[in-house]
Amino acid sequence: MAWVLLVVAGLLEVGWSVGMKYTDGFTRLWPSVATCLGIVASMVLLAQATRTLPIGTAYGVWVGIGAAGAAVVGMVVLGEPVTAARIFFVCLLLVAVVGLKATSGH
């Protein structure tokens, strides 16, 4: 169950990090509210996951999901550059996430 919580926390991190783009520096009310709720929910789920998972593994996976997800959403939805190098490094992030899970002992 901790892994499910961690993956959901990582997906929420993608949501709130992309959401910041729509807050205009937290000057728009509803995008700001949604972004703040996403931050809180992501942190709460991360904290719950760390009750049973090692902090280094949990945090690394959380950050990896968030960074890779935000990069992909940026390229697919926000029109950020799609280059071979960016795709390669996103893949490296995903390999690191899988590696952390595989070596966590849980």
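Quick note: structure is the one above.
Criteria and thresholds
- Residues numbered from 1 in each chain as written.
- Predicted model: local features only at pLDDT ≥ 70, side-chain atom pairs only at ≥ 80, totals over all residues.
- Heavy atoms only, no water.
- Helix = DSSP H or I, 4+ residues; strand = E, 2+ residues; numbered from the N terminus.
- Expected span 1.5 Å × (residues − 1).
- Buried < 20%, exposed > 50% of the residue type's maximum accessible area, 1.4 Å probe, protein only.
- Arc of directions from axis to C-beta.
- Contact = heavy atoms within 4.5 Å.
- Phe/Tyr/Trp six-rings, centres within 6.5 Å; stacked < 30°, edge-to-face > 60°.
- Lys NZ or Arg CZ within 6 Å of the ring centre and 35° of its normal.
- Salt bridge = Lys/Arg side-chain N within 4 Å of Asp/Glu carboxyl O.

1. Quick notes on helix H2 (residues 29–49)
Part 1 of the argument: In a regular helix each residue adds 1.5 Å, so 21 residues correspond to 30 Å; H2 covers 30 Å between its end C-alpha atoms and thus fits that length.
Part 2 of the argument: Of all the positions in H2, only Ser32, Thr35, Gly38, Ser42, Leu45, Leu46 and Ala49 are classed as buried. Relative to the axis of H2, the buried residues are bounded by an arc of 165 degrees and lie together on one face. Exposed and facing more than 90 degrees away from the buried side of H2 are Leu29, Trp30, Leu37 and Val40.
Part 3 of the argument: In this structure, the buried side of H2 is in contact with helix H1 (2–23) and helix H3 (55–76).

2. Focus on the packing of aromatic side chains
One pair of aromatic rings is described through two measures. These are the centre distance and the angle between the planes.
Part 1 of the argument: One pass over the full model with this rule turns up two aromatic pairs.
Part 2 of the argument: Seen in terms of ring centroids, Tyr59 and Trp62 are 5.7 Å apart; in terms of plane orientation they differ by 40 degrees. Their pairing is tilted. In this pair, Tyr59 and Trp62 are both assigned in helix H3, three residues apart and thus about one turn of the helix distant.
Part 3 of the argument: Look at Phe88 and Phe89: their rings are 5.1 Å apart centre to centre, the planes differ by 70 degrees, and that puts the pair in the edge-to-face class.
Part 4 of the argument: For Phe88, a relative accessible area of 47% gives the class partly exposed.
Part 5 of the argument: Lying over the aromatic face of Trp3, Lys101 brings its terminal NZ or CZ to 4.7 Å of the ring centre.

3. Considerations on the pattern of salt bridges
Part 1 of the argument: All chains considered together, the criterion is met by one salt bridge.
Part 2 of the argument: The shortest N-O distance in the salt bridge between Arg86 and Glu80 comes to 3.3 Å.
Part 3 of the argument: Given the relative accessible area of 32%, Glu80 is considered partly exposed.

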